[in-house]
Amino acid sequence: MGSCVNGEGLERQLSQAQAQVQRLEQKFAAKEREMTLATQQLRSLESQLRQAQKLEALGKLAAGVAHEINSPAQYVLANVIFVQKSLDPILRMVEAHRAFLETLPSSIDTQDLREFEQRLDLDFMLADIPDALDQSIEGMRQVSRIVLAMNDFSHPGDETRRAVDLNRAIERTVDLTRNEWKYVAQLTCELGSVPPIQGIEGDIKQVLTNLIVNAAHAVANDPNRQGKGAIRIRSVHYQDEVRIEVCDDGCGIPQTIRHRIFDPFFTTKARGKGTGQGLPLVRAVMEQHEGRVDVRTEVGEGTTFILTFPANPG
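Residues numbered from 1 in each chain as written. Predicted model: local features only at pLDDT ≥ 70, side-chain atom pairs only at ≥ 80, totals over all residues. Heavy atoms only, no water.

Some details on the packing of helix 6 (residues 201-220) against helix 7 (residues 278-288)
Okay, so step 1: Packing of helix 6 against helix 7 brings their axes to within 9 Å, and their N-to-C directions diverge by 145°. The two elements helix 6 and helix 7 cross, and the hand of that crossing is left-handed. Between helix 6 and helix 7, the residues in contact are Asp203, Gln206, Val207, Asn210, Leu211 and Asn214 and Gly278, Leu279, Leu281, Val282, Val285 and Gln288, respectively. (Axes fitted to C-alpha atoms, helices over the stretch in contact; angles between N-to-C directions. Helix = DSSP H or I, 4+ residues; strand = E, 2+ residues; numbered from the N terminus. Left-handed = near helix turned anticlockwise from the far one by under 90°. Contact = heavy atoms within 4.5 Å.)

Given below as structure tokens:
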């Protein structure tokens, strides 16, 4: 009888020990999974740090190149404007000369002059040279705007909050990101009269850059797209808030992943195309500015990100 009881006790102890071992194994497996995930995140962060260091070096190089481009761009622009202004009276003189020829009596032979005009294709030059100069001036002004945007973006800043002109930040960021959206979308700005906010301008420009690039990608990746899409940026002052809306008519965000779009490292882009840090950074910066970011989206219709800043933050 005693040995039977002892045997049952040993079996019970063995069963409890096995259960404890199983629980320990489960805890160990869970810890191992956590360590694997942490290792993957650490490697991802290390990769992003290396990439950030490369981008920082590239940014400094780009700022230097932009500075070197600015001077010749300015004197080319000045020279083209000079030619434009000088050409205007010359063209008027040519038109007056042609009108004078029409008043001459038929006894005066002007055939050689008319043939010379035809060889010069004077009508074409009179019509197209002013347009060509206008386009050249606009192109050089665009170069100047891009240079200014690059200088603003790459200029090292600090964490001190200052008055930020949001409309100016939008315009500079639009110029800087032009290469991302100009081939896939028509971008329009509807900038209202908004007061300056207290903030870190470089961080706000980074937020706008992320949202504009995301909008361009959403438009480009729309499988039903025919031709260019549309991106609209709007600023508005409403009571004690300042809002910026970045809207696109792209593919929209599926319902199943909307709750994850601000999660670090979450991305729907192909490997090498996204790090999953763009929208988390947007939310973090908005929180640092005592603001918020909201999303309205519909699959097949597009997405609107709404940045809301306090008009007079403390």
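Having seen it, we continue.
Digging into unusual backbone geometry
Keep in mind that most residues, glycine aside, have a negative phi and that most peptide bonds are trans.
Okay, so step 1: At Gln239, a residue that is not glycine, the phi angle is positive and equals roughly 55°.
Okay, so step 2: Take Gln239: it is sitting in the loop between strand 4 (229-238) and strand 5 (241-248).
Okay, so step 3: In this structure, Glu290 is a non-glycine residue whose phi angle is positive, near 55°.
Okay, so step 4: With respect to the helices and strands, the residue Glu290 is situated in the loop between helix 7 and strand 6 (292-298).

Notes on the pattern of salt bridges
Okay, so step 1: According to the stated counting rule, one finds 10 salt bridges in the structure shown.
Okay, so step 2: Two residues, Glu201 and Arg168, come together in a salt bridge whose shortest N-O distance is 2.9 Å. In this pair, Glu201 sits in helix 6 while Arg168 sits in helix 4 (residues 166-176), placing the two residues 33 residues apart along the sequence.
Okay, so step 3: With a relative accessible area of 25%, Glu201 lands in the partly exposed category.
Okay, so step 4: When its relative accessible area of 31% is taken as the criterion, Arg168 is described as partly exposed. (Salt bridge = Lys/Arg side-chain N within 4 Å of Asp/Glu carboxyl O. Buried < 20%, exposed > 50% of the residue type's maximum accessible area, 1.4 Å probe, protein only.)

Quick word on the nonpolar core
In summary, soluble globular proteins display a tendency toward joint burial of nonpolar side chains.
Okay, so step 1: In this structure, Ile244 and Leu307 are the most contacted members of the largest nonpolar core, which totals 36 residues.
Okay, so step 2: Residue assignment for this core shows that the elements contributing at least two residues are helix 4, strand 2 (185-191), helix 6, strand 4, strand 5, helix 7 and strand 7 (302-310).
Okay, so step 3: It is helix 6 that contributes the most residues to this core, eight residues altogether.
Okay, so step 4: Ignoring any residue separated from it by four or fewer positions in sequence, one finds Leu307 in contact with Val207, Leu208, Leu211, Val242, Arg243, Ile244, Val282, Met286, Arg292 and Val293.
Okay, so step 5: With 10 residues, the next largest nonpolar core counts Leu77, Val80, Ile137 and Met140 among its residues. (Core = buried A, V, L, I, M, F, W, Y, C linked by side-chain atoms within 4.5 Å.)

Considerations on the environment of Gln186
Okay, so step 1: Position of Gln186 relative to the elements: it lies in strand 2.
Okay, so step 2: In this structure, the C-alpha to C-alpha distance between Gln186 and Arg232, residues 46 residues apart in sequence, is 8.4 Å.
Okay, so step 3: Setting aside residues up to four positions removed in sequence, Gln186 forms contacts with Lys228, Gly229, Ala230 and Ile231.

Read these as geometric descriptors, not functional statements.
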